[in-house]
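Tertiary structure, described
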Amino acid sequence: MLRFVTKKALGLASAEAPIRPIQILPRLYHERVVEHYNNPRNVGSFDKNDPSVGTGLVGAPACGDVMKLQIKVDEETGRIVDARFKTFGCGSAIASSSVATEWVKGKQMEEVLSIKNTEIAKHLSLPPVKLHCSMLAEDAIKAAVKDYEAKRAKVNGNWDASVRAADA
């Protein structure tokens, strides 16, 4: 391209070689990421002191994303009845948080621990450079469950179990 422009400027270029504009392609997000970013589900928070609420707060120092995910558990059934999140970060982090809250609602505690970052990333079609966002969502789910179990053990008077759960 540079050779052609130089030759044209010097009058040495042939008239048959047209100048083609450089095409810059924008980086596009999958429509699910855009949808969850523009219309995030379950934004907000619960009272962290409520014994039926588990709070997971995780962050990625490399990119500055911080994610708080909270679950509200029916103490009789062990089923997650509601979930909320607050995320400071990129669109992929917000979308991952939104998807995570949708996926945990209505499930048993054991079930949500099987949600993997790869499933979230695949659902959102995240590029490799954004996989850390889905990893944060998985970590936030695990941290929220761990926090809830520690609170429950403490309320039930089993201090040793809550300390073990917090250390795990």
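Here's what I pulled together on the structure shown here. Note that the structure is predicted; figures quoted are calculated from it, not measured.

Thoughts on the overall build of the protein chain
Within the protein chain, the regular secondary structure consists of seven helices and three strands. Across the protein chain, helices and strands are ordered from the amino to the carboxyl terminus as α-α-β-β-β-α-α-α-α-α. Looking at the protein chain as a whole, 38% of its 168 residues are labelled buried. Long-range contacts, defined as pairs at least 24 residues apart, comprise 58% of the intrachain contacts of the protein chain with a sequence gap of at least 6.

So, the environment of Val-53
Among the structural elements, Val-53 can be located in strand β1 (residues 53–60). Given a relative accessible area of 0%, Val-53 falls into the buried group. Taking the C-alpha atoms as reference points, Val-53 and Asp-74, separated by 21 residues in sequence, lie 9.3 Å from one another. Beyond its immediate chain neighbours, meaning those up to four positions away, Val-53 contacts Phe-46, Asp-47, Gln-70, Ile-71, Lys-72, Asp-147, Tyr-148 and Lys-151.

Digging into a nonpolar patch on the surface
Nonpolar side chains collect at one region of the surface, where Leu-57, Val-66 and Phe-88 lie side by side and expose about 340 Å² of accessible area between them. Residue placement: Phe-88 occurs in strand β3 (residues 79–88).

Quick word on the pattern of salt bridges
Considering all chains together, one arrives at eight salt bridges under this definition. In this structure, Glu-138 engages Lys-116 in a salt bridge whose closest nitrogen and oxygen atoms are separated by 4.0 Å. Within this pair, whereas Glu-138 is found in helix α6 (residues 131–155), its partner Lys-116 is found in the loop between α4 (109–112) and α5 (117–124), the two being separated by 22 residues in sequence. Across the pair Lys-151 and Asp-147 runs a salt bridge, and its minimum N-O distance is 3.9 Å. Of this pair, Lys-151 and Asp-147 both sit in helix α6, four residues apart, roughly one helical turn. In the salt-bridge network here, residues are joined through shared partners; they are Glu-35, Arg-41 and Glu-102.

A few points about the state of the cysteines
Following the criterion strictly, the structure yields zero disulfides and no others. Cysteine Cys-90 is unpaired, with the sulfur of Cys-133 as its nearest cysteine sulfur at 3.6 Å.

Structural notes on α6
Owing to its 3.6 residues per turn, the α-helix brings residues three or four apart onto one side. With 25 residues, α6 extends 37 Å between its outermost C-alpha atoms, agreeing within 8% with the 36 Å of an ideal straight helix rising 1.5 Å per residue. In the segment just after α6, Gly-157 is the residue with positive phi, at about 85°.

Describing the pairing of β1
With six of eight residues buried, β1 is to be regarded as a mostly interior element. Judged from the eight bridges that link them, β1 and strand β2 (residues 65–74) form a sheet pairing that is antiparallel. When the bridges of β2 are listed, Gly-59 appears paired with Val-66. The hairpin formed by β1 and β2 contains four residues between the paired strands, and Gly-64 there has a positive phi angle of roughly 90°.

Some details on the nonpolar core
Within the largest apolar cluster, 27 residues are counted, with the highest numbers of intra-cluster contacts made by Ile-71 and Val-104. Every element with two or more residues in this core is listed here: β1, β2, β3, α3 (91–104), α4, α5 and α6. Among the elements that take part in this core, α6 stands out by supplying seven residues, more than any other. For Ile-71, the contacting residues outside a window of four places in its chain are Phe-46, Ser-52, Val-53, Gly-54, Ile-80, Asp-82, Ala-83, Val-104, Met-109, Ala-144 and Val-145.

A closer look at the sheet that holds β2
One open sheet holds the three strands; their spatial order is β1-β2-β3, and the pairing between them is antiparallel. One side of each edge strand has no neighbouring strand; the edge strands of this open sheet are β1 and β3. Sheet twist, expressed as the average angle between the axes of neighbouring strands with direction ignored, equals 15°.

The rules we used
Residues numbered from 1 in each chain as written. Predicted model: local features only at pLDDT ≥ 70, side-chain atom pairs only at ≥ 80, totals over all residues. Heavy atoms only, no water. Helix = DSSP H or I, 4+ residues; strand = E, 2+ residues; numbered from the N terminus. Buried < 20%, exposed > 50% of the residue type's maximum accessible area, 1.4 Å probe, protein only. Contact = heavy atoms within 4.5 Å. Patch = residues over 30% accessible without salt bridge, like charges linked within 9 Å, V, L, I, M, F, W, Y side chains within 5 Å. Areas by Shrake-Rupley, 256 points an atom, 1.4 Å probe, with all protein chains shown as cover. Salt bridge = Lys/Arg side-chain N within 4 Å of Asp/Glu carboxyl O. Disulfide = S-S within 2.5 Å. Expected span 1.5 Å × (residues − 1). Pairing = 2+ DSSP bridges. Core = buried A, V, L, I, M, F, W, Y, C linked by side-chain atoms within 4.5 Å. Axes fitted to C-alpha atoms, helices over the stretch in contact; angles between N-to-C directions.

No statement about biological role is implied by the geometric values presented.
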